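Working through the structure, step by step
Listed below, chain by chain, are the residues.
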Amino acid sequence: MVANRQDTRMTVEEWRALERVSEVKHEYIDGYVYAMAGGSKAHSRIAMNISSLLDAAFGDGPCIAYNSDAATRVSESRYTYADVVVSCSDRDQATRAMTEVQEPRLIVEVLSESTERKDRGRKADDYRACPSLQEYVLVGTEYQRVEVYRRTAEGWGLFRFYGPSEVMELTSVSAHLPVAAIYRRTDVPEAAPA
């Protein structure tokens, strides 16, 4: 999704009040709100596939996958709408009153031409600074390629690229997702254009 900044600064509480009544979602970054624009149908389908695969993998366990309708608290002054976010915390169980994931363990962003730079740059930096986050996944839409970044004792690093015939391992939530299933029912090609 693409974000467009509004010039008016507001507090987190003012942003929360706005989100309760607005038909458009807004990310909150250091007092500024950024209206979110929609993505392609392939982008939406990929995010939905990942959420469904994770939900099936988790069963009735403690981890829950949320889509981009739930905001993610990255820090006290940064709230984003990731394509998929997983929490295994008791604080983040699904309730009607809560609208924000407080302790994300895994975040997935589906890349698009308009968001890739931000998802690899500022957002990636913000996510890596979040103490509860253990894995950050970037999912390509130009062709079938998934990147998994993982927190280790030495810090963050690229763990692995996965292609269409492989099964992605997510150690932070003990899940294995076939890459082909992530792209099911989309027109994203298996290989990069020549």
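The structure contained in this document is the topic of the report that follows. Worth saying up front: this structure is predicted, and the values here are computed from it rather than measured.

Basis of the calculations
Residues numbered from 1 in each chain as written. Predicted model: local features only at pLDDT ≥ 70, side-chain atom pairs only at ≥ 80, totals over all residues. Heavy atoms only, no water. Pairing = 2+ DSSP bridges. Helix = DSSP H or I, 4+ residues; strand = E, 2+ residues; numbered from the N terminus. Axes fitted to C-alpha atoms, helices over the stretch in contact; angles between N-to-C directions. 1 Å grid on protein atoms, 1.4 Å probe; cavity = no way out; pocket = protein on both sides within 12 Å on 5 of 7 lines; lining within 4 Å. Points joined across faces, edges and corners; volume = space filled by probe spheres on them. Nonpolar A, V, L, I, M, F, W, Y, C, P; charged D, E, K, R; others polar. Buried < 20%, exposed > 50% of the residue type's maximum accessible area, 1.4 Å probe, protein only.

**With respect to the sheet that holds strand β4 (residues 64-67)**
Read from one edge of the open sheet, six strands run β4-β7-β9-β10-β11-β12, paired in mixed fashion. Both edges of this open sheet fall to β4 and β12 (155-162), since each of them pairs with a single strand only. Here the average twist between neighbouring strands, direction ignored, is 20°. Pairing analysis gives seven bridges linking strand β11 (residues 146-152) to β12, with the strands arranged antiparallel. Bridging from a neighbouring strand, Arg 150 pairs with Gly 157 of β12.

**Looking at the layout of surface pockets**
Empty pockets left among the atoms are what a rolling probe the size of a water molecule brings to light. Estimated volume of the largest pocket: approximately 270 Å³. Together, 14 residues line the largest pocket, and Glu 19, Arg 20, Asp 69, Tyr 81 and Thr 99 are the ones closest to its centre. Among the elements that make up the lining of the largest pocket, the one with the highest residue count is helix α1 (residues 12-21) (four residues). Its residues placed into classes, the lining of the largest pocket shows five nonpolar, two polar and seven charged.

**A closer look at unusual backbone geometry**
Leaving glycine aside, a negative phi is the common case for residues, and trans is the common case for peptide bonds. One non-glycine residue, Asp 30, adopts positive backbone phi at about 50°. Tracing the sequence through the fold places Asp 30 in the loop between β2 (26-29) and β3 (32-36). Exposure remark for Asp 30: the relative accessible area of 30% places this residue in the partly exposed category. Non-glycine residue Arg 185 carries a positive phi angle of around 65°. Inspection of the secondary structure puts Arg 185 in the segment after α5 (179-182).

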